[in-house]
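Descriptive analysis of the structure
Below are the chains, spelled out letter by letter.
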Amino acid sequence: MSKNGNPIIEVRNITKYFGSVIALNGVSMAVRSGEVMCLLGDNGAGKSTLIKTLAGVHQQSEGEYFVEGQEVHFDSPRDALDHGIATVYQDLAMIPLMSISRNFFLGSEPTKGSGLFKRFDVKFADRVAKAEMAKMGIDIRDPSQPVGTLSGGERQSVAIARAVYFGAKVLILDEPTAALGVKQAGTVLRYIAQARARNLGVIFITHNPHHAYAVGDKFTILKRGRTFGTFTKDELSREEMVRMMSGADELDALSHELQEFEHADKLHGEGKMSEVDHALAASLEEGESLLNSKKEQ
Amino acid sequence: MATTTVTQEGDERLVEASLLKRLLSRPELGAAAGAILVWLIFAIVAPTGFLSLRGTASYLEVSAQLGILAVAVSLLMIAGEFDLSIGSLVGFAGATTAILASQYGVPLYLGAIVALVLSLAVGFLNGYMVIKTKLPSFIITLGSLFIIRGLTIGTTRLITGRTQIGGLDDYAGYDFMRVIFASDIPIAGVGFSISIFWWLLLGGIATWVLLRTQIGNWIFGSGGAPQAARQVGVPVDKVKTGLFMTTAFAAWLLATIQVITVKSADTLRGEQQEFFAIIAVVIGGTLLTGGYGSAIGAVLGALIFGMVKQGLVFAGVDADWFYVFMGAMLVIAVLVNNYIRRRAEAARK
Ligand SMILES: Nc1ncnc2c1ncn2[C@@H]1O[C@H](COP(=O)(O)OP(=O)(O)OP(=O)(O)O)[C@@H](O)[C@H]1O
Ligand SMILES: [Mg+2]
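Residues numbered from 1 in each chain as written. Chains lettered and ligands numbered in written order. Predicted model: local features only at pLDDT ≥ 70, side-chain atom pairs only at ≥ 80, totals over all residues. Heavy atoms only, no water.

**What to know about the overall build of chain A**
- Counting its secondary structure elements, chain A contains 10 helices and 12 strands.
- Out of the 297 residues belonging to chain A, those deemed buried represent 54%.
- The contacts in chain A between residues at least 6 apart in sequence include a share of 67% that link residues at least 24 apart.
- Accessible area for chain A stands at about 13,000 Å²; split by element, carbon and sulfur atoms hold 48% of it. (Helix = DSSP H or I, 4+ residues; strand = E, 2+ residues; numbered from the N terminus. Buried < 20%, exposed > 50% of the residue type's maximum accessible area, 1.4 Å probe, protein only. Contact = heavy atoms within 4.5 Å. Areas by Shrake-Rupley, 256 points an atom, 1.4 Å probe, with all protein chains shown as cover.)

In structure tokens, the structure reads:
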């Protein structure tokens, strides 16, 4: 694991205009293998715009973009994929009425035969989709069932499994835990840790400071299209991070969420706890005491 | 979230259950049931005409003419777009071939090739406009429906002074064209129009493309969630443009079959066919919203159309009632489709 090696992807002074809207204004950031970089910031801060630029959906108006030290210009998501940059979008890139295995391979279909008789290898697709999902601990009984029948967490897992299977070097996740219940969010966080363990670079966008602190190694904070800088876990205490992400007043709103977490923690307590679980639990306790101390004031 | 390990026994039960479920969740199930029902009804009320080989050949030919369009339209609709211009294109392609032969002495097969190139260009233009303007294809192709029809009638009248061009069998290349586009294939002494084989061939190819090729996956993706498909690298715009050209090709094929069969071109030919094609496709289980559907369904939808149209004749019912029936079928089909789709989505476990 080369946490201190050269960045796999790096952007310098990226600016992005949508007409007269300045979505990004001189953003710089780097991600290394085996590292989870959390991208934090309020709604409209430009997080999705930044990762869509990284993923080749948008082209930056100004600034430079390097992949493994080489400057690149992506014209399409295909270009980014070919460079090993895989993205799981906030507005999930899944087609509800298509089967799991067809979704899994959409855009990169396995084929057999050649020439006029080149065809989509359905059996292979079904087998691989099932196997890859099983690796993530999800047993899909029938890979030909429509994706629309899966739960939110399972859909996120299909998207993550797909990215990992296609040899992603960098995995970009835009709010993968946003729509999820506590338990499923925990599952997704575990995949993130798993991806890091496989030496992928991960960019993880979330509004939830506890999710971020549980798996993040570094934190980049965006505000109105500008970066506040990148911090390592040592440099940024949970408290500071929470305060940067949300005004102190908004902390009360977290209270309800935290109670849910505590509950989930008890549910989890029975089984063997992984590293992530511990980190999650620890972060929760910290958040709890933070809240309590605030209430006392 | 299911994290149980599946036992051998569990897996085997799954296979049986899912086969049945897969069959039940196929989009064309409703159309297959409908086709059987319609056949049974006419077999009972008009057995002498309807059940005869000659009767069968006649309703299959009617089905084939619509089915050639419907198969192409089903692919386009699965990709989330409409093409209302195909009816006008039928008139356009036929008139082009006939004008070239009658006024300029171009052999029919060369004229047909020119008509094909022009038709494909119109299809390309439809696709290009839809993609560039981002307007609904319904609007763009509604525009082309009138533009093409108007141009066809206007130009034909300008050049020939009429709107119909007859006597095509006098021109060079007719016999050769007849073999490919208008011959009858005798089965048990009855001639079956070659258009029936064109129809089934197209249906077979379309089904294979949809279910067994990469492009098929892209077609579903382009219609189901174009943005999502784009993000994983599907060339959505190319897929859609290609399918507009496919519907244009189908219109040309039908035009050529008709022109050669009746030995004349009429600028009004193909009128309303765009709507009947959509009805056949919807009866076949394709969703109006795209992303879900079947080419076999379109074949069956066209079969129902032909059986009803000819069946009413055999039953001695006034042809006016045909419209009532098709309209009702459309509405029923949409209701059934919605039900089946909900089943498909619920076909979990
Ligand atoms: N395609 C677009 N056209 C015009 N403006 C856009 C476009 N995409 C994003 N923006 C604008 O850019 C800004 C940043 O949006 P972005 O989606 O990147 O925010 P975000 O940080 O992802 O927010 P959220 O947390 O709500 O997802 C917003 O003001 C948004 O309105
Ligand atoms: Mg966003």
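Structure shown, so let's carry the discussion forward.
**Considering the packing of aromatic side chains**
Residue and element names in this part refer to chain B.
- Going through the model one piece at a time under the given rule, you end up with 22 aromatic pairs over all chains.
- With centroids separated by 5.4 Å and ring planes inclined at 35 degrees, the aromatic side chains of Phe42 and Phe50 adopt a geometry described as tilted.
- When its relative accessible area of 0% is taken as the criterion, Phe50 is described as buried. (Phe/Tyr/Trp six-rings, centres within 6.5 Å; stacked < 30°, edge-to-face > 60°.)

**Focus on the packing of helix 4 (residues 122-135) of chain A against helix 5 (residues 152-165) of chain A**
All names here are of chain A.
- Two elements in contact, helix 4 and helix 5, have axes separated by 10 Å at closest approach and are oriented at 110 degrees. Taken together, the axes of helix 4 and helix 5 are roughly perpendicular relative to one another. Facing Phe124, Val128, Glu132 and Met133 of helix 4, the residues of helix 5 in contact are Glu154, Ser157, Val158, Ala161 and Tyr165.
- Looking at the contact of helix 4 with helix 5 residue by residue, the class counts come to six nonpolar, one polar and two charged. (Axes fitted to C-alpha atoms, helices over the stretch in contact; angles between N-to-C directions. Parallel < 35°, antiparallel > 145°, perpendicular 65-115°, else oblique. Nonpolar A, V, L, I, M, F, W, Y, C, P; charged D, E, K, R; others polar.)

**Considering the packing of helix 4 (residues 53-78) of chain B against helix 13 (residues 273-283) of chain B**
All names here are of chain B.
- Where helix 4 contacts helix 13, the axes come no closer than 8 Å and their chain directions differ by 65 degrees. As summarised for this structure, helix 4 and helix 13 are arranged roughly perpendicular, according to the angle between their axes. As for how helix 4 packs across helix 13, the hand of that crossing is right-handed. Two secondary-structure elements touch here, helix 4 through Leu66, Leu69, Ala70, Val73, Ser74 and Met77 and helix 13 through Gln273, Phe276, Ala277, Ile278, Ala280, Val281 and Val282.
- Classifying every residue of the contact of helix 4 with helix 13 by side-chain character gives 11 nonpolar, two polar and no charged. (Left-handed = near helix turned anticlockwise from the far one by under 90°.)

**Let's talk about the environment of Ala197 of chain A**
Residue and element names in this part refer to chain A.
- Topologically, Ala197 is positioned in helix 6 (residues 182-197).
- Note on Ala197: relative accessible area 54%, which makes it exposed.
- In sequence terms Ala197 and Ser33 are 164 residues apart; their C-alpha atoms lie 9.6 Å from each other.

**Overview of the confidence of the model for chain B**
- Mean pLDDT for chain B: 90, with 90% of residues reaching 70 or above.
- Low pLDDT, under 50, characterises residues 1-13 of chain B; the stretch is placed with 14 contacts to residues that sit more than four places away or in other chains. (pLDDT = per-residue confidence, 0-100.)

**Quick word on helix 6 of chain A**
Residue and element names in this part refer to chain A.
- The first and last C-alpha atoms of helix 6 sit 23 Å apart over 16 residues, in line with the 22 Å expected at 1.5 Å per residue.
- Along helix 6, the residues that are buried comprise Gln184, Ala185, Gly186, Thr187, Val188, Leu189, Tyr191, Ile192, Ala193, Ala195 and Arg196.
- Two residues or fewer after helix 6 comes Asn199, characterised by a positive phi angle close to 75 degrees. (Expected span 1.5 Å × (residues − 1).)

**Observations concerning the sheet that holds strand 5 (residues 70-71) of chain A**
Residue and element names in this part refer to chain A.
- Strand order in the open sheet made by the four strands is 2-1-4-5, with antiparallel pairing throughout. Either end of the sheet is taken by a strand with one partner, and the two such strands are strand 2 (21-31) and strand 5.
- Of the strand pairs in this sheet, strand 1 (residues 9-18) and strand 2 are connected by eight bridges, and their pairing is antiparallel. Across the sheet, Tyr17 pairs through a bridge with Ile22, a residue of strand 2.
- Against the sheet, helix 1 (residues 47-54) makes contact with strand 1, strand 2 and strand 4 (62-67), and its axis sits at roughly 60 degrees relative to strand 2, the strand it touches most. (Pairing = 2+ DSSP bridges.)

**Section: the side chain of Ser193 of chain B**
Residues and elements named next belong to chain B.
- For Ser193, the location among the structural elements is in strand 3 (residues 190-193).
- A polar atom in the side chain of Ser193 sits 2.6 Å from the side chain of Ser195.
- Residues within four places of Ser193 in sequence aside, it is in contact with Glu61, Ser183 and Asp184. (Polar contact = N/O pair within 3.5 Å; in protein donor to acceptor, adjacent residues only side chain to side chain.)

**Some details on the site of ligand 1**
All names here are of chain A.
- Around ligand 1 sit 13 residues in total, of which Asn43, Lys47, Ser48, Thr49 and His207 are the nearest.
- Here an oxygen atom of ligand 1 sits 2.8 Å away from a polar atom, N or O, in the side chain of Asn43.
- A total of three residues in the shell around ligand 1 trace back to one element, the largest contributor, which is helix 1. (Near = heavy atom within 4 Å.)

**Digging into the pattern of salt bridges**
All names here are of chain A.
- Enumeration according to the criterion identifies 10 salt bridges over all chains in this entry.
- For Lys130, the salt bridge is made with Asp139, and the minimal N-O distance between the two is 3.9 Å.
- Taking relative accessible area as the criterion, Asp139 reaches 13% and is therefore assigned buried.
- One salt bridge connects Asp217 with Arg196, and the closest N-O pair in it is separated by 3.0 Å. With Asp217 in the loop between helix 7 (209-215) and strand 11 (218-223) and Arg196 in helix 6, the pair connects residues that are 21 residues apart, well separated along the chain. In terms of burial, Asp217 and Arg196 fall into one category: buried. (Salt bridge = Lys/Arg side-chain N within 4 Å of Asp/Glu carboxyl O.)

**Considering unusual backbone geometry**
Residues and elements named next belong to chain B.
- For Lys134, which is not glycine, the phi dihedral falls at a positive 60 degrees.
- Residue position: Lys134 is located in the loop between helix 6 (108-133) and helix 7 (137-160).
- Here Lys134 falls in the exposed class, since its relative accessible area comes to 72%.
- Its identity as a non-glycine residue notwithstanding, Ala188 has a phi of 50 degrees, on the positive side.
- For Ala188, the position within the fold is in the loop between strand 2 (184-187) and strand 3.

**Here we look at the nonpolar core**
- Leu106 of chain A together with Leu69, Trp199, Trp252, Ile260, Ile283 and Leu303 of chain B are the most contacted members of the largest nonpolar core, which totals 102 residues.
- The greatest single-element share of this core, amounting to 15 residues, is contributed by helix 4 of chain B.
- Every residue in contact with Ile260 of chain B, bar those within four places of it in the chain, is listed here: Leu108, Tyr174, Met177, Arg178, Phe181 and Ala182 of chain B.
- Counting residues in hydrophobic clusters, the runner-up holds 46 residues, among them Phe120, Ala185, Leu189 and Val215 of chain A. (Core = buried A, V, L, I, M, F, W, Y, C linked by side-chain atoms within 4.5 Å.)

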